[in-house]
Amino acid sequence: MTITSLPASPSDSAVDAWHAVVRAAHLVDLPGHVPPPGRVETEGKLRMSSVDARSVHVASVAADGSYDGVASLVLFTDRSNQHTGFLDQLAVHPRARRHGVGTRLWDAICDELVAGGRTSVSTAVELGGPGEAFATGLGLSNALSLAWYVQNIQDALAAQPVQPALPDGYAYAHWTGVVPDALADGFAEAHNAMQDAPLGDVDQGVRPWDAARVRQAAQVVEGRGGVILSSAVVHTTSGADSVAAYTELVLRDPSDARAMQYDTAVVPAHRGHGLGRAVKRHMMGVVAAAHPGVREVATTVADENGPMLAVNEQLGYRRERAIGYFQTTL
């Protein structure tokens, strides 16, 4: 086998070879009802890095030119996280397992980490599967326990057909793509409310958000071929740009039937008014109207995040499968 690094703009054939691995691994490792990643998502992540990060992609190439395994490493570039990295993906095609492919890919990832002066790395692992066994065998340990939760949109809307009324001084807002200029600063401040979300023992710093960064995050989703929807509660008595709560939903491929719930946060000064549940219920109506092909919403929640677990239960989310945020020092 040959380990090779992909260029910043990989060829279509390289994208196809990469996608064949991640799809085959997904179909074997995850329950049948969990939709596999689409090619749009695969290509987008290979061609565009996340905000405040650069990505390294390595593949194990078989004799016939196909890929036996693939790995993606995110190297953070913001000052608070230049000591660490995130293994976004390490997948081995089922036909090539137990031949040392995963270990060779891991060794290549470690070389990149050391060359970049990184002292730790983390990754998300499905608990109870081959990924957990592989990770623990390499010395990684679980720093934060989470789970995937899934909501059927139509069932949830039928159970809660009426949008909650907001207290006086609050109003709903929503948009697709980059935040409107009038809300950008307030939206960034609301993102900073995520700083008190449980992180367990994960070795990552939290970088403050500003208007430029929230715009860039949305642009990355769109640049990768996806769609990002945002719903917010605006505190009108504090000014038109004061965002009290928000939630974000992402379709990594516009044809997705399962959307991904990204951040949901309520600014501390506005907690205790049911805004978390209200803004997520508002998003249900937004996505149902704008993207009727979306049937489900999936999200991850830390086991210790009691308030968000309670909100999700009220909105019809069910626990699907457990994952862990594993990490190790180098």
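All of the points below concern the structure found in this document. (Residues numbered from 1 in each chain as written. Predicted model: local features only at pLDDT ≥ 70, side-chain atom pairs only at ≥ 80, totals over all residues. Heavy atoms only, no water.)

### Let's talk about the overall build of the protein chain
Stage number 1. When its secondary structure is counted, the protein chain shows 9 helices and 12 strands.
Stage number 2. Against the compact-globule benchmark of 20 Å for 330 residues, the protein chain has a radius of gyration of 20 Å, which places it among compact chains.
Stage number 3. Viewed in the frame of its principal axes, the protein chain has a C-alpha envelope of about 65 × 40 × 35 Å.
Stage number 4. When the 330 residues of the protein chain are sorted by exposure, 50% land in the buried category.
Stage number 5. Long-range pairs, those at least 24 residues apart, make up 73% of the contacts in the protein chain with a sequence separation of at least 6.
Stage number 6. The centroid of the 25 positive side-chain charges in the protein chain is displaced by 3 Å from the centroid of its 35 negative side-chain charges. (Helix = DSSP H or I, 4+ residues; strand = E, 2+ residues; numbered from the N terminus. Rg over C-alpha atoms; globule rule 2.2 N^0.38 Å. Buried < 20%, exposed > 50% of the residue type's maximum accessible area, 1.4 Å probe, protein only. Contact = heavy atoms within 4.5 Å. Lys, Arg positive; Asp, Glu negative; His and termini not counted. Charge placed at Lys NZ, Arg CZ, Asp CG, Glu CD.)

### Focus: helix H6 (residues 181–191)
Stage number 1. Burial in H6 covers these residues: Leu-183, Ala-184, Gly-186, Phe-187, Ala-188, Ala-190 and His-191.
Stage number 2. Summarising the contacts, the buried residues of H6 are in contact with strand E7 (170–176), helix H7 (211–223), strand E8 (227–235), strand E9 (243–251) and strand E10 (258–266).

### Thoughts on the sheet that holds E8
Stage number 1. In space, the 12 strands of this open sheet follow the order E1-E2-E3-E4-E5-E12-E6-E11-E10-E9-E8-E7, with mixed pairing throughout. Taken across any chain shown, the strands that pair with only one partner, and hence form the sheet edges, are strand E1 (2–5) and E7. In this sheet, adjacent strand axes meet at a mean angle of 25° when their direction is disregarded.
Stage number 2. Pairing of E10 with strand E11 (residues 296–302) involves 3 bridges; the strand directions are parallel. Each residue of the ladder has a partner; that of Met-260, found in E11, is Ala-298.
Stage number 3. Packing against the sheet, helix H1 (residues 12–29) makes contact with strand E2 (53–61), strand E3 (67–76) and strand E4 (84–92), and its axis sits at approximately 95° to E3.
Stage number 4. The strands touched by helix H9 (residues 306–314) are strand E6 (141–152), E10 and E11; relative to E11, the strand with the most contacts, the crossing angle is about 160°. (Pairing = 2+ DSSP bridges. Axes fitted to C-alpha atoms, helices over the stretch in contact; angles between N-to-C directions.)

### A short note on the packing of aromatic side chains
Stage number 1. Scanning all chains against the criterion turns up 3 aromatic pairs.
Stage number 2. Aromatic pair Trp-175 and Phe-187: ring centres 5.1 Å apart, planes at 85°, arrangement edge-to-face. Remark: Phe-187 occurs in helix H6 and Trp-175 occurs in strand E7; sequence separation between them is 12 residues.
Stage number 3. Judged by its relative accessible area of 7%, Trp-175 is buried.
Stage number 4. When the centroid spacing of 5.1 Å and the interplanar angle of 80° are considered together, the rings of Phe-187 and Tyr-246 count as edge-to-face. Of this pair, Phe-187 sits in helix H6 while Tyr-246 sits in strand E9; the two residues are 59 residues apart in sequence, bridging distant segments of the chain.
Stage number 5. By relative accessible area, which is 0% here, Tyr-246 ends up buried.
Stage number 6. Ring pairs connect the aromatic residues Trp-175, Phe-187 and Tyr-246, which therefore count as one cluster.
Stage number 7. The lysine or arginine in question, Arg-213, covers the ring of Trp-209, its NZ or CZ lying 3.9 Å from the ring centre. (Phe/Tyr/Trp six-rings, centres within 6.5 Å; stacked < 30°, edge-to-face > 60°. Lys NZ or Arg CZ within 6 Å of the ring centre and 35° of its normal.)

### Some thoughts on the environment of Val-202
Stage number 1. Here Val-202 lies in the loop between H6 and H7.
Stage number 2. Counting along the chain gives 33 residues from Val-202 to Gly-169, while the straight-line C-alpha distance between them is 38 Å.
Stage number 3. Other than its neighbours up to four places away in sequence, Val-202 contacts Ala-143, Leu-144, Tyr-325 and Gln-327.

### As for H9
Stage number 1. For H9, the complete set of buried residues consists of Met-308, Val-311 and Asn-312. All buried residues of H9 lie within an arc of 95° about the axis, which places them on one face of the element.
Stage number 2. Looking at the buried side of H9, the elements it contacts are E10, helix H8 (275–290) and E11. (Arc of directions from axis to C-beta.)

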